[in-house]
Amino acid sequence: MPYVVDFKNVSTVGLESSPVAEALAGLRANEARYYSNKYDHVFTVIPASEAPEVIDRVSRILKEERDIVIGSRALEATGFEVDGLRMDYVFYESGLSINVMYSIEAGGKRAVGFKLSEGMEVPEELASRFKFARQKSKLAGVIRGSFFVIKGEY
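Keep in mind it's a predicted model, so treat the numbers as computed, not measured. (Residues numbered from 1 in each chain as written. Predicted model: local features only at pLDDT ≥ 70, side-chain atom pairs only at ≥ 80, totals over all residues. Heavy atoms only, no water.)

Asker: Even after reading the chapter, I still don't get the packing of aromatic side chains, so can you show me in this structure?
Answerer: Two numbers describe a pair of aromatic rings. These are the distance of the centres and the angle of the planes. With the rule as written, the count across this model stands at 13 aromatic pairs. Taking the centre distance of 5.9 Å and the plane angle of 15° together, the rings of Tyr89 and Phe91 count as stacked. Of the residues examined, Tyr89 reaches a relative accessible area of 2% and is grouped as buried. With relative accessibility at 0%, the residue Phe91 sits in the buried group. (Phe/Tyr/Trp six-rings, centres within 6.5 Å; stacked < 30°, edge-to-face > 60°. Buried < 20%, exposed > 50% of the residue type's maximum accessible area, 1.4 Å probe, protein only.)

This is the structure in structure tokens:
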């Protein structure tokens, strides 16, 4: 069932099994606020079990680009288009959020972003490969993030 993420009244709906559910909910709300403010887009997520195509696309890009396999269970996902960009998000039980920004036009921006919820450790599969910058958020506390540019065609 789709869940419209409310960034004014942050809720852990769908994320309850995460050990950092409150922080992950804040991170998800932070993303919802960004898309609302920048694109007037309503950020809606669905259970991972209902979004196999999004999970598969994100997993394929991670595997083919950097030989990364995420060990945590996916809880929620969303996929949408805004301003010529195909956006995919997956929120994991560990507190990790991964987004894939893929310009529909050839030659546009294409990247994978990682965000870590406050209170979680850097996942083993990412720890030796990426440095994470810190960003403060009223909704999510301290978010640590990193990214890489996608080189292949998907």
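On we go from here.
Asker: Explanation requested: the layout of surface pockets in the structure shown.
Answerer: By rolling a water-sized probe across the atoms, one finds the places where empty space is left. Approximately 330 Å³ is the volume attributed to the largest pocket. Lining the largest pocket are 17 residues, with Tyr34, Tyr35, Met87, Tyr89 and Met101 sitting closest to its centre. For the lining of the largest pocket, the secondary-structure elements that each account for two or more residues are α1 (21–39), β4 (85–92), β5 (96–103) and β6 (110–116). Of the residues contributing to the lining of the largest pocket, the split by class is ten nonpolar, four polar and three charged. (1 Å grid on protein atoms, 1.4 Å probe; cavity = no way out; pocket = protein on both sides within 12 Å on 5 of 7 lines; lining within 4 Å. Points joined across faces, edges and corners; volume = space filled by probe spheres on them. Helix = DSSP H or I, 4+ residues; strand = E, 2+ residues; numbered from the N terminus. Nonpolar A, V, L, I, M, F, W, Y, C, P; charged D, E, K, R; others polar.)

Asker: Help me understand the sheet that holds β6, please; the structure alone is not making it clear to me.
Answerer: In sheet architecture, strand pairing relies on hydrogen bonds along the backbone and comes in two forms, parallel and antiparallel. Spatial ordering of the open sheet is given by β1-β2-β3-β4-β5-β6-β8-β7, a layout of eight strands whose pairing is antiparallel. Strands with a single pairing partner mark the edges of an open sheet, and in this sheet they are β1 (3–4) and β7 (133–137). Both strand β3 (residues 74–82) and β4 contribute to a ladder of eight bridges, which runs antiparallel. Paired with Ala74 across the two strands is Tyr92, which belongs to β4. Lying on the sheet, α1 is in contact with β1, β2 (44–47), β3, β4, β5, β6, β7 and β8 (141–149); it crosses β4 at an angle near 165°. Helix α2 (residues 52–66) rests against β3, β4, β5, β6 and β8 of the sheet, and its axis sits at about 95° to β4. (Pairing = 2+ DSSP bridges. Contact = heavy atoms within 4.5 Å. Axes fitted to C-alpha atoms, helices over the stretch in contact; angles between N-to-C directions.)

Asker: Please clarify how the pairing of β2 should be interpreted in this entry.
Answerer: Side-chain direction in a regular strand flips from residue to residue, so the side chains alternate between the two faces of the sheet. Across two bridges, the pairing between β1 and β2 is antiparallel. Each residue of the ladder has a partner; that of Tyr3, found in β2, is Val45. Relative to β3, β2 runs antiparallel, the two sharing two bridges. Looking at β3, one finds that Pro47 is bridged to Glu76.

Asker: How should the pattern of salt bridges be read in this particular structure?
Answerer: Side-chain pairs of opposite charge can arise where the charged atoms are in close proximity. Counting across every chain of the model gives eight salt bridges. When the shortest N-O distance is used, the salt bridge between Glu64 and Arg60 registers 3.0 Å. One end of the pair is Glu64 and the other is Arg60, both in helix α2 and four residues apart, which spans about a single turn. Linked through salt bridges whose partners overlap, the residues forming this network are Arg57, Arg86 and Asp88. (Salt bridge = Lys/Arg side-chain N within 4 Å of Asp/Glu carboxyl O.)

Asker: Looking at this structure, how should I read the side chain of Lys115?
Answerer: Looking at the element boundaries, Lys115 is found in strand β6. At 2.6 Å, the side chain of Lys115 and the side chain of Glu31 are in polar contact. Setting aside chain neighbours within four positions, we find Lys115 in contact with Leu27, Glu31, Gly95, Leu96, Ser97, Ile143, Arg144 and Gly145. (Polar contact = N/O pair within 3.5 Å; in protein donor to acceptor, adjacent residues only side chain to side chain.)

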